[in-house]
Every structure is written in C-alpha cells, then in structure tokens.
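Topology and contacts: notes
Each chain, written out:
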Amino acid sequence: MLMKYLFAKNDEIPAGSATIFFGFSSIFWFVVGTGLGSFNAAKLAFPDWVTGTELFAFGHMRQVHVLAVILGWISMAFGMTMMYMTPALGNTKLWSEKLGLWTVFMWNVGLSLGLILLWMGITAGREYSDLIWPIDLVVIFGVLLPLGINVWMTIAHRRTQGIYITNWFFGACIFMLMIVFLVGNSPELFNLTGLTEAYLTFWFAHNVLGLWITPVAAAIAYYTIPKLTGNPLYSHRIGHLHFWAIIAFYSTPASHHLMSAPLPEWLKSFASVEGVLILIPAVAFVANILLTMKGKWSMFVENIETKFSITGVLLAIPLNMQGGFQQTRAINWYVHGTGWIVAHAHLALLGMSSFLEAAAVYFGLQSVLRRKLYSLTLANLHYWFFIIGFCIYWISMTIAGLIQGAGKIYEVPYIDVVVAEHPYMIARWAGGTMVFTGNVIWLYNMWMTAREGTIVPAGRYAHELAYER
Amino acid sequence: MGFQQYRFGAAAIGLMFGFSMCITLLGPSNDFRSGVSTWVGLDKQLSLGRVIGFSYEDPLVIGDGKPVTVILDKDPKTGATYDPPIRAYVYEPGIKFSPGVNHNELLGPGVMELSLNTGKIGQADMSNGAVFTIAQGEFNGEEVDYIVNQTAVSGWQPGQVLKAAGDENHRYVGKGKTIFITEGCWWCHTLLPEQTQDWQFFGAPPFLGDMNGEMPTAFGSDRKAPDLLHVAARNSSREWMTMHFFNPRLVQPNSIMPRFDYLWGKTDINGKSIDYKKWRSDYTAYVNGQSIYPPEVPEPARDSEVRALMDWVLTSLR
Ligand code: HEM
C-alpha cells in the first residue's frame, strides 16, 4: 500500500496516511529496539548465554539497540505526531501527504541499512554517532529535511493567527537537530581528530537528547493533555518560558559528559552551571502540565492515554532532579560512567519520553484511523508491564551504579564490583523483558484496532465512546 | 498582521542557538589548538594511521590500510644497536599517513617546527611509503618530542625495516584498535580514568596533547569493567591475555566479559584448524568438574584479529 501511495498524486492520498505509516513503523521499531535491549541485558547478566558468534556479541548489538530505540521508536513517534498535530494545531491539512510518506519510506530504509551495517561492525566508532557518515547524510537530507519542510510549510499555511507552543517546538527542534547532526558528524566528514572529536561526539550526544528527545516529547504533552482533558493549557506563557529556556540553556552544557577529560576547565564549569539552569525549563514544563490537569485528575486513572501521558510527566520530575545535579563536579565524579547513568538514560528515554510518545501514538492512531482502541484490557496490560518493568530496570541499575561508585572510592578490586552488581543485572534483564512483552501486546492491540476497532463517528473522539465489547 | 511572531521567533532562535554554538564550539577550539603533542600523542597517531573506523581505505572496518609499528633493537641500515629498543612506524607505499604528517598544525607549536625542519616530515610521500620514529629535541628552551621521517633523514625503506625486524617484532596496533572499535570493547571498558581514587587504580588520565591526531578517541562513557588506558602497565602478559580473550572465565571465573574466541579465525599459529565445538564441550566438562584441567587455548595465527588486538593492548595502553 505504501508503494502505491508513494507514486500517487498528492490529492489522491487519503489524509492521515503518513501518520498511520509513521505510527506503525514506530511501534515496530519499539518492539525491535526493546527486544534487542532485553537481549543485551541477558548477555550482561549471563555472559555465556549466546557465545561464539560475532554477530551476537554484546559489542555488536548494544549500539544497534540504542539507535533503534532513539532513531526508530522515539524519532519515528515524533514524526508521527508531527504529521497529525501540526496540521490540527494550524487548523489545516498536512502540506504534503506524499512527502510525508516518502519520509517514512526513506527513514525505514535508511535506518535499517544503517543498523545492519552497524550490526556487522561497520561503524564510525563514536558513541551515539556510530552511524557511518554516508548514512548520516541520508538522515540529514533524506529524512530530517523533508520532515522539516513538511512541518514548516504546514505551519506557514496554517489558518490560525498564532502558533501554538507545540508547533514552535516542532519547527525549531527539527532545524536544530539538522545542525546538530551536521556539526556532530563533522569529525567524520572532515577528519577532525583528538580532543575535538571527543568533544564533538558528546556535543552531539547531549544535543540530540536536549534539543530533540526531551523537548519534542514535552511538546507532544502540550497537545495531548489539553486535548484529552478538554482543559486549556494552564499557561501559554510558561510554555514559552520552557521553549526559550531550552534553546538558551540546553544547548550549552555538552562538556558535562566529559568531566574527567582534559577539556578546558572554564568549559567544564560553564557546563555545570548551565546544566543546573536546565531546571528552569524542566520545572516550567512539569508545572504547566500538572496545573492543566486541574479538575480532571480522575482521567489519570480512567483514561489510558492520560495515564501514559501523566506518568511520563511525573517521571520528568526525578529525571530533571537527577540531571540537574548529577552533572555538577561535586556529584559527577561519583556516578560518572556507572550504571547510575544507564538508569538515568533509561529514565529519560524509556521513562519520560517513551510514555509521552506512547500516549500520543495511542491517541493519534485512534483519531486518524477513526477507530476505537481494540482492547482496553490489553492497553492496561501494556501500561502495567511498561511501568513495572521500567521501575525494576531503573531501580536495579541505580543501585548497581551506586555500588560501582562506592567501589571507586573504596578501591576494591574491580572484579568484586562485577560480582556485587550481578543480581541487579539479572533484575534489569527481567524488567526490560517485561517492557518488551508489553510492547508486543501493544503492537497486536494496535493492529487489531486498525482492523476491528469500533468505528468512531465524525465529530467525536475515540476516548469519549464507551466500550461495547 | 502587525507583529509577526514567527519572524521574530525564527530570528531569536537563530541568534540564541548561534550564540550557544559560539561559546561551546568556537571557545574551546582555541584551547584545543594550543595542545602540544606529547610522546603518547605522537606514538598514538603514528601507530594508528589516518583514521580508525569506516573510511575509504577501510570500508569494511577490518583494519585495512593501517601502518605497522615495529620494535627495533638495531638500526636497519648501519646495524648500530638500540638499547632500549625504539619504535618505528612503517607506512608501506599507498598507506595513508597519520593526520599530523599532512596537517602539521595538529602537532602543536614546537613539535610542528621540529618535525618539519629537523624531522623532514614535509618530504614524506605516500606513493613511496615512509618510516617514522619519534625523537626528542628542544624548542625555545622547552623539551618536546617530534616526528622524524627516517626515509628522508636516514634512507630507511619500509620493506627493509619490516624485514630487518622480523614478524615477532611487528605490532599491528592500527588493526588492533580497529578491532577494539568494531567489537565494542569500549561499551564496557573506558579509556579515561575518572577523577579521584580511580587514578590510583587505573593510572593518570590523559593529557591535553595525548590524543592530537587520534580518531576516534573512543573514551567510552559507560563502564562495567576496568579502565584500560594503562592496562599493559598492570598486566603485560601475552599468555594471560590469550587465555582471557579466548574465554575470560578461564582466568577470572566471575568475569562478565564475553568470549572473543571467534577472533582467532579458522586456524591456529601452525595452520591447524581450530575445533571450537570440541573446545566448548571439553570446557563444559571442565566447568562441571569432569576434568581437572581446562582445554588448551590455541595459539593465535600471525594474521589473526586477536593477535592485532593484543598488539594494540600491550603496545599502546601503557
Ligand atoms: C524506548 C526504550 C529504550 C530506550 C530509549 C533506551 C535507550 C538506551 C540508551 C540511550 C542506552 C545507552 C545508555 C548509556 O550509554 O548510558 C541504552 C543502553 C542499554 N539499554 Fe536501553 N533503552 C530502551 C529500552 C530498553 C529495554 C526495554 C531494555 C531491556 C533490558 C534495555 C536494555 C539496555 C541495555 C542492556 C543497555 C546497555 C547498557 C550498558 O551498556 O550498560 N533498554 N538504552
């Protein structure tokens, strides 16, 4: 079907097609990515589990997991939300449905290719920018540019006077991500070396998280929560405080990832201070959304999308408290390079961000397909598998990290740390596998929704209808 | 439409983001430029070659197109002995030079002048190959290490040096680091000791000039294993490494490090094919207490990947 639409005239493509393809692609990558995560976790817990094959070695799989979840699941879910929220907020239709479909197509092809090469060991050897530069160019010019054009043109052709905060985020973040990709990969393109390369690697890693994964997730919540609850956003002005503070503060503290490298000291101090200032946008966001919930807190329990969304927002609280302080010199030396950071990374990506996107994908697919969710039970099952699995992961890795930190100070032989961490490695694997199981359920549920979900009559929202089944 | 918020907004975004890029990119680039290459830095770039990871010369990332480090105990031309032995970095014809040879400013002030004037690196020609060594000199009253192009200075030819040293003195450092990258050792091991007590355990962190010309640095961010920056200073036993890479549980029963037996390839040093199946079942028998000794670890072939990996670990990580 995708093939047919790729070469159809724009007007003949049903509105929402790009959303649907993006949505299902993202869930598919979610299943793949968490499956890989669970596999990796098993390898760390049971090192002799699958051995002897180069392709199934931990070192070949880890980066595939990381990029599959970041560029596959999270970023495609972003693409999906952009495809339906941007036009809805501009009271118009998507600028080009066809371009949107091409974006999904290029994205899936480019990402699959890049990940297969990575899996085979064809890598740039730089964390988070592991993809080799030809694939990076595909991402920038084959994926981000068309996505950006579609979003920017849709915003330009809006039929509302102002631009809602979500669209500010969408438009700006795609642009900044393109710059970040170009600059971050310049060591590969122009053979920059040494400390410059090390610093740009983490400049890239930091800004991908800070200018893409967290702000766009937040932007999504600015849409879903008011839409689901029917309450207007508590304050558009605080939303703007969030937006501008992100651009001012979040783009600067990259060097807090390299506190023990021989970077200039002024840069590290600057990064530490700016890093604490990230709390400004963080608090603005959380407060704004939670205040929007006023009078509608029952929906947190009753409505599955709100449940996902608010869980994500609540997880942003510990996330930002950790993030703001763990990068100061006083604390960083203790937790840096330990499982604490892995726990933190999953709190951001698997916790805060993924919950917000899951809500938006649930909501978006139902509204675009105009079908009500196939099974609420399965959705609840997904939620509980997700949250319980995540908590197990997060808590176990946090403890493992603290053990590693203590091991550093007390100078115990490293192998004792490895032994002490072992139970938590097993717990992490169990938790992660729960998340994976939940996602398989989700994929099935969404597939059945597309085929058999109750049709939603025009003018109604899926979540307003009662279940007949 | 009086006030066009998106115009103002777009300009403001550009301005703020541009400002932040100035601070975070332009600012430090000044500091980076002043880094004077240390001996470690020169040794690294000369032994690793132009770039590790995906590149034109090595598209499959298997360690093609890399120089060979050679441990020399006597001058290949005059026969004069070196005590202690020195390292020579052999670039056979067609192998791309390390970044500092062509982009001299990467070497840092002092090192650049000496390498050009005394070391004659400007005369190095890729199509004929070259042999480099590191020498010590003085620049403006400061001791610095610099690169010497021995092909221009003493007439050493790459093939001649390789032959004079013999295979047991060849170190495939560039290929070894490539394997470190592709096998993902750096997802568990860092190359950057942390501040504080870490230094007593794993040694001093790198200096500013220790990685001029190195790409990628692969510090690693996420450690579940000992830091490797100075591992060969703690443990320089090739026998231990051989057993440890084949199956870490042979020497460290509680290790979570994966087995890297597949890096041995098909045959051992004598050309005999390695029977992995038998090895594994013998090993299982040993683990279950059915035999007293573990099976013998095959000795790696000369061109095996694990040999290059150990070359890198034992030569570079001191
Ligand atoms: C959407 C969900 C997920 C996202 C966005 C995500 C993201 C990430 C990221 C960014 C890292 C790198 C962390 C670092 O270097 O500090 C990572 C590593 C990892 N993830 Fe996930 N992850 C997700 C789900 C999972 C799941 C379900 C599992 C299953 C157990 C898992 C297992 C792992 C493992 C084992 C690592 C390697 C950690 C290490 O090297 O110590 N992840 N993931």
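As the structure is a computational prediction, the values presented were derived from the model and not from experiment.

Per the secondary structure count, chain B includes 12 helices and five strands. Principal axes of the C-alpha set define a box for chain B whose edges measure 85 × 65 × 40 Å. Counting the 318 residues in chain B, one finds 56% classified as buried. Of the contacts formed within chain B by residues at least 6 apart in sequence, a portion of 68% connects residues at least 24 apart. Only carbon and sulfur atoms are counted for the fraction: they give 56% of the accessible area of chain B, which is about 14,200 Å². Averaged over its 28 positive side-chain charges, chain B has a centre that lies 6 Å from the centre of its 35 negative ones.

Right, let's get into the sheet that holds strand E4 (residues 142-149) of chain B. Residue and element names in this part refer to chain B. With antiparallel pairing, five strands are arranged side by side in an open sheet as E4-E3-E2-E1-E5. Among the strands making up the open sheet, the edge pair consists of E4 and strand E5 (170-171). Along the sheet, helix H2 (residues 39-48) contacts strand E1 (68-74), strand E2 (81-91), strand E3 (130-139) and E4; its crossing angle with E2, the most-contacted strand, is approximately 45 degrees.

For the peptide bond that leads from Asp83(B) to Pro84(B), omega is 0 degrees, which places it in the cis range. Following the sequence through the fold, Pro84(B) ends up in strand E2. In this chain, Met215(B) is followed by Pro216(B) through a cis amide linkage whose omega measures -5 degrees. Looking at the element boundaries, Pro216(B) is found in the loop between helix H8 (198-202) and helix H9 (231-234). For Glu411(A), which is not glycine, the phi dihedral falls at a positive 55 degrees. Relative to the helices and strands, Glu411(A) resides in the loop between helix H16 (376-410) and helix H17 (414-452).

For any pair of aromatic rings, geometry is given as the distance between the ring centres together with the angle between the planes. A complete count under the given rule lists 53 aromatic pairs over all chains for this structure. Judged by centre distance (5.0 Å) and plane angle (90 degrees), the ring pair of Tyr383(A) and Trp384(A) falls under edge-to-face. Since its relative accessible area comes to 5%, Tyr383(A) is described here as buried. Trp384(A) gets classed as partly exposed once you look at its relative accessible area, which sits at 44%. Relative to Phe132(B), the ring of Phe97(B) lies with its centre 5.5 Å away and its plane at 85 degrees, an arrangement referred to as edge-to-face. Of the two residues, Phe97(B) is situated in the loop between E2 and helix H3 (99-102) and Phe132(B) in strand E3; the sequence distance between them amounts to 35 residues. Taken individually, Phe97(B) and Phe132(B) each receive the classification buried, so the pair is uniform in this respect.

With that out of the way, let us pick up the interface of chain A and chain B. Opposite the 79 residues of chain A that make contact, chain B presents 75 residues. Contact with chain B buries area across many residues of chain A, yet Ser260(A), Glu411(A) and Tyr414(A) alone supply 9% of it, more than any other trio. Across the contact surface, chain A and chain B share four salt bridges. With a shortest N-O distance of 3.0 Å, Asp48(A) and Arg259(B) are connected by a salt bridge. For the side of chain A that touches chain B, the element with the most residues is helix H8 (residues 194-229) of chain A, which contributes 10 residues.

Residues and elements named next belong to chain B. All told, the structure shown has 23 salt bridges over all chains when counted by the stated rule. Of the charged contacts in the structure, one is a salt bridge between Asp-167 and Arg-302, with a shortest N-O distance of 3.3 Å. Within this pair, whereas Asp-167 is found in the loop between helix H6 (158-165) and E5, its partner Arg-302 is found in the loop between helix H11 (276-287) and helix H12 (305-316), the two being separated by 135 residues in sequence. A salt bridge links Asp-282 to Lys-278; its shortest N-O distance comes to 2.9 Å. Taken together, the positions of Asp-282 and Lys-278, both in helix H11 and four residues apart, correspond to about one turn of that helix. By relative accessible area, Lys-278 is classed as partly exposed at 47%. Residues joined by salt bridges that share partners form a network here, namely Asp-167, Arg-238, Arg-302, Arg-307 and Asp-311.

Here we come to the side chain of Asn108(A). Inspection of the secondary structure assignment puts Asn108(A) in helix H4 (residues 97-119). Look past the residues within four positions of Asn108(A) in its chain and what remains in contact with it is Ser25(A), Trp29(A) and Met76(A).

Our next topic: the packing of helix H2 (residues 17-45) of chain A against H17(A). How two helices pack is summed up by the angle between their axes together with the distance between the axes. Residues and elements named next belong to chain A. For the pair H2 and H17, the least separation of the axes is 8 Å and the interaxial angle reads 160 degrees. The angle between H2 and H17 falls in the class roughly antiparallel. Crossing geometry of H2 relative to H17 is assigned as left-handed. Each residue belonging to the contact of H2 with H17 can be placed in one class, and the counts come to 20 nonpolar, six polar and one charged.

Cut-off values and rules
Residues numbered from 1 in each chain as written. Chains lettered and ligands numbered in written order. Predicted model: local features only at pLDDT ≥ 70, side-chain atom pairs only at ≥ 80, totals over all residues. Heavy atoms only, no water. Helix = DSSP H or I, 4+ residues; strand = E, 2+ residues; numbered from the N terminus. Buried < 20%, exposed > 50% of the residue type's maximum accessible area, 1.4 Å probe, protein only. Contact = heavy atoms within 4.5 Å. Areas by Shrake-Rupley, 256 points an atom, 1.4 Å probe, with all protein chains shown as cover. Lys, Arg positive; Asp, Glu negative; His and termini not counted. Charge placed at Lys NZ, Arg CZ, Asp CG, Glu CD. Pairing = 2+ DSSP bridges. Axes fitted to C-alpha atoms, helices over the stretch in contact; angles between N-to-C directions. Phe/Tyr/Trp six-rings, centres within 6.5 Å; stacked < 30°, edge-to-face > 60°. Buried area = accessible area lost by both parts, 1.4 Å probe. Salt bridge = Lys/Arg side-chain N within 4 Å of Asp/Glu carboxyl O. Parallel < 35°, antiparallel > 145°, perpendicular 65-115°, else oblique. Left-handed = near helix turned anticlockwise from the far one by under 90°. Nonpolar A, V, L, I, M, F, W, Y, C, P; charged D, E, K, R; others polar.

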